[in-house]
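Single-letter residue listing:
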Amino acid sequence: MSDVIRKSVGLGVAPNLADYAAYKRQFTWARARQELDGLPGSQGLNIAYEAVDRHAHTVRAIHAAIRWLARDGSKREFTFGELSLLSNRFANALSSLGINAGDRVFALTGRIPALYLAALGTWKHRAVFCTLFSAFGPEPIRQRMNLGEASVLVTTPALYKRKIIPVRADLPTLKHVILVSENEGAPPPNTLSWDALMEASSDAYTIAPTRPDDIALLHFTSGTTGIPKGAVHVHEAVVAHHITGKLALDLHPDDIYWCTADPGWVTGTSYGIIAPLTNGVTSIVDEAEFDAERWYNILQNHRVSVWYTAPTAIRMMMKAGLDLVRQHRTPDLRFLASVGEPLNPEAVRWGVDAFGLPFHDNWWQTETGGIMLANFAAMDIRPGSMGKPMPGIEAALVAQDKAGRINVIENPDEQGELALKAGWPSMFRAYLNQSDRYKTCFADGWYLTGDLAKRDCDGYYWFIGRKDDVIKTSGHLIGPFEVESVLMEHPAVAEAGVIGKPDPVAFELIKAFVSLKSGYAANEELRRALLAHARHRLGAAIAPKQLEFAQSLPKTRSGKIMRRLLKARELGLPEGDLSTLETST
Ligand code: ATP
Ligand code: MG
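The shown structure was predicted, so the numbers you read here are calculated from the model rather than taken from an experiment.

Criteria and cut-off values
Residues numbered from 1 in each chain as written. Chains lettered and ligands numbered in written order. Predicted model: local features only at pLDDT ≥ 70, side-chain atom pairs only at ≥ 80, totals over all residues. Heavy atoms only, no water. Helix = DSSP H or I, 4+ residues; strand = E, 2+ residues; numbered from the N terminus. Rg over C-alpha atoms; globule rule 2.2 N^0.38 Å. Buried < 20%, exposed > 50% of the residue type's maximum accessible area, 1.4 Å probe, protein only. Contact = heavy atoms within 4.5 Å. Areas by Shrake-Rupley, 256 points an atom, 1.4 Å probe, with all protein chains shown as cover. Near = heavy atom within 4 Å. Polar contact = N/O pair within 3.5 Å; in protein donor to acceptor, adjacent residues only side chain to side chain. Nonpolar A, V, L, I, M, F, W, Y, C, P; charged D, E, K, R; others polar. Pairing = 2+ DSSP bridges. Axes fitted to C-alpha atoms, helices over the stretch in contact; angles between N-to-C directions. Core = buried A, V, L, I, M, F, W, Y, C linked by side-chain atoms within 4.5 Å. Phe/Tyr/Trp six-rings, centres within 6.5 Å; stacked < 30°, edge-to-face > 60°. Salt bridge = Lys/Arg side-chain N within 4 Å of Asp/Glu carboxyl O.

Some points on the overall build of the protein chain
(1) Moving on: Tallying secondary structure elements over the protein chain gives 18 helices and 28 strands in all.
(2) Moving on: Here the C-alpha radius of gyration of the protein chain, 23 Å, is about what a compact globule of 585 residues would show, namely 25 Å.
(3) Moving on: Dimensions of the protein chain, computed from C-alpha atoms along their principal axes, come out at roughly 70 × 60 × 55 Å.
(4) Moving on: By residue count, 61% of the 585 residues in the protein chain fall in the buried class.
(5) Moving on: For the protein chain, the share of sequence-separated contacts (at least 6 apart) that also reach a separation of at least 24 residues comes to 70%.
(6) Moving on: Counting only carbon and sulfur atoms, one obtains 50% of the accessible surface of the protein chain, whose full area is about 22700 Å².

Following this line, the structure appears as structure tokens:
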């Protein structure tokens, strides 16, 4: 068992979830639903109403909901009241264009205010929202828009020119392109002006009755293990977004909260748009990309109190060094959380060195729609663990037998596939056009996540690896995360990615790819030192036999190490779908 970081670290306010066991016992989803208002007159549940309109009817109307930081250093703030009115305008604009409930509205914009207004207005109109990461090339955009049957696209003139014009003739369902432009002037042919549409539309809109299971969102997975899948989510998901924001991110009404994820990924929507708004907090939205110094300035100057980020960003900050952090003061920070990839114990502890606070890892997927396992504020942290299940979530480790039956593993420390009892509100309801694949994710009432994990005797879950990434060597099943975390302990290592290579004797042998922190030279001596360190910590059977230095590791645009690509390249196999590959690597 690794060490523990005591819960008292960093608690400035009383956590929303003070007693995990007691809260879990009394929790029901029906009770969580009671924390939201529902549409007036019991007309159902609509994400946008819960996010902005219900606050707009209270004193919270004048509270800042979004503080947008432009790339050029300027900023713009929107109150809950303003968001409510502006999203009404967009809902009316959709109506004037003949868009109906259930139609698909896509956004390809980067993190600009129109994205947030478009999302909220789309939900009000009961259309379905899908954001695409703006760095995608034309082909991945075309594929996703056709798969999602896009009727409307909100984008910018620059993105339109580079990414849409080349494929516009191949987007048969697309009826309207709305361009958000900073410059005056007539929009190009076959496009509409965002400003003109918004101006012409009324800011009064009544949301029609919305069923909890009406579709609200399409989200494509990260493509870490293969071709990205389109996950379908419904309005009822807002119950999970809200309560997980409150319990797992510990959002309090006075927080300044910053989720660094782009809404092109599910984190940037569930926790970059919905959860902070339903919880009534002020959210920072930064238009710019990662830059360690810019980020520290944002934390300091905007007095961020709750910060939700990802392991890849944390590792980049670690790479930039502690000196830079120490030039900044962040006394308002009180809760740090991370998601998206396993968070190495080193990274959890680095939070304590850098900010006096540990990072709280939590686990979830595009398919789960919201946080499922978390290190809660009032819990001791075990660095390297994903924490415990959210109240209302029944998690288990399972093995599926040949007949497809599920056996639940009860023994502590035994590994199995992480499974969740189906039926929580933000559970995905389909994979677009892949109903068979959807069905195979469920067995005996369990949703099978595709991730392997184990649980210790105190109920903490530990990530082992994705089923596809697990390495079989000399009779052992090894998760790459364990090996990568040990390599990360070495002061020279910035990032590590580990794969299994076919081997006639061991079945697979472990190979590590390592990128170094600045100031370290990739030479034979260091290579040997790293292999020896891993052997010492892991034992000869589990330690990597081969180690190669890399400038950087291939990652998805959402920051996940693509081990399948390391492996394909190593073995000279086809590289598969690369639409989500971060192209600077
Ligand atoms: P694809 O399904 O297309 O291969 P993906 O699984 O990476 O892509 P996402 O839904 O964005 O797409 O990511 C969810 C996955 O990310 C989880 O199944 C898990 O493997 C990993 N993950 C997320 N959070 C954590 C965490 N805290 N610890 C370990 N792994 C995590
Ligand atoms: Mg996945």
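Next comes the rest of the account.
Examining the site of ligand 1
(1) Moving on: In the vicinity of ligand 1, 22 residues are found, and the nearest of them are Gly223, Thr224, Thr225, Asn362 and Thr366.
(2) Moving on: Residue Gly223 places a main-chain N or O atom 2.7 Å away from an oxygen atom belonging to ligand 1.
(3) Moving on: At 3.5 Å, a backbone N or O of Pro342 approaches a nitrogen atom of ligand 1.
(4) Moving on: Protein chains bury 95% of the 630 Å² of accessible surface belonging to ligand 1 in isolation.
(5) Moving on: Of all the secondary-structure elements, those providing two or more residues to the shell around ligand 1 are strand S14 (359-363) and strand S23 (461-466).
(6) Moving on: The dominant element in the shell around ligand 1, judged by the number of residues it contributes, is S14, at three residues.
(7) Moving on: Residues of the shell around ligand 1, tallied by class, amount to six nonpolar, nine polar and seven charged.

Concerning the pairing of strand S2 (residues 75-79)
(1) Moving on: Where strand S1 (residues 64-69) meets S2, five bridges bridge the pair, whose relative direction is antiparallel. Within S2, the residue paired with Leu69 across the bridge is Lys75.
(2) Moving on: Adjacent in sequence and paired antiparallel, S1 and S2 are bridged by five residues, among which Gly73 carries a positive phi angle near 100 degrees.

A few points about the sheet that holds strand S28 (residues 546-549)
(1) Moving on: Read across the sheet, three strands follow the order S26-S27-S28 without closing on themselves; strand pairing throughout is mixed. Edge positions in the sheet fall to strand S26 (493-503) and S28, since each has one partner strand and no second. Neighbour-to-neighbour, the strand axes of the sheet open up by a mean angle of 25 degrees, direction not taken into account.
(2) Moving on: Across four bridges, strand S27 (residues 507-516) lies against S28 in parallel orientation. Paired with Ala512 across the bridge in S28 is Leu547.
(3) Moving on: Against the sheet, helix H12 (residues 311-320) makes contact with S26 and S27, and its axis sits at roughly 125 degrees relative to S26, the strand it touches most.

Points about the environment of Gly559
(1) Moving on: Among the secondary structure elements, Gly559 is positioned in the loop between S28 and helix H18 (563-571).
(2) Moving on: Along the sequence, Gly559 and Glu341 sit 218 residues apart, while their C-alpha atoms lie 8.2 Å from each other.

Thoughts on the nonpolar core
(1) Moving on: Counting 100 residues, the largest nonpolar core has Trp123, Trp194 and Tyr308 as the members making the most contacts within it.
(2) Moving on: Counting residues per element, this core draws most heavily on helix H5 (residues 113-124), at eight residues.
(3) Moving on: Among all residues touching Trp123, those that are not within four sequence positions of it are Asn46, Ile47, Ala48, Phe129, Ala216, Leu217, His235, Thr269, Ile273 and Ile274.
(4) Moving on: Core analysis: the second largest hydrophobic core is formed by 29 residues, Leu69, Ala292, Ile314 and Ala347 among them.

Observations concerning the packing of aromatic side chains
(1) Moving on: With the rule as written, the count across this model stands at 28 aromatic pairs.
(2) Moving on: When the centroid spacing of 5.2 Å and the interplanar angle of 75 degrees are considered together, the rings of Tyr271 and Trp364 count as edge-to-face. Taken together, the residues Tyr271 in helix H10 (residues 266-278) and Trp364 in the loop between S14 and strand S15 (373-374) connect sequence positions 93 residues apart.
(3) Moving on: On the basis of relative accessible area, Tyr271 is assigned to the buried category, the value being 0%.

Structural notes on the pattern of salt bridges
(1) Moving on: In the structure shown here, the tally under the stated rule is 37 salt bridges.
(2) Moving on: Residue Glu508 pairs with Lys567 through a salt bridge whose shortest N-O separation is 3.3 Å. Note that Glu508 is positioned in strand S27 and Lys567 in helix H18, a separation of 59 residues in sequence.
(3) Moving on: In this structure Glu508 comes out as buried when scored by relative accessible area, which is 9%.
(4) Moving on: In this structure Lys567 comes out as partly exposed when scored by relative accessible area, which is 26%.
(5) Moving on: Between Arg569 and Glu575 there is a salt bridge, with the nearest N and O atoms lying 3.1 Å from each other.
(6) Moving on: Its relative accessible area of 41% is what places Arg569 among the partly exposed residues.
(7) Moving on: Given a relative accessible area of 32%, Glu575 falls into the partly exposed group.
(8) Moving on: Within the structure, one salt-bridge network assembled from shared partners comprises Arg315, Glu341, Glu495 and Lys555.

Here we look at the environment of Val408
(1) Moving on: Looking at the secondary structure, you find Val408 in strand S18 (residues 406-409).
(2) Moving on: Overall, Val408 belongs to the partly exposed group, its relative accessible area being 37%.
(3) Moving on: With twelve residues separating them along the chain, Val408 and Ala396 place their C-alpha atoms 6.7 Å apart.

Function-wise, these values are silent; they only describe arrangement.
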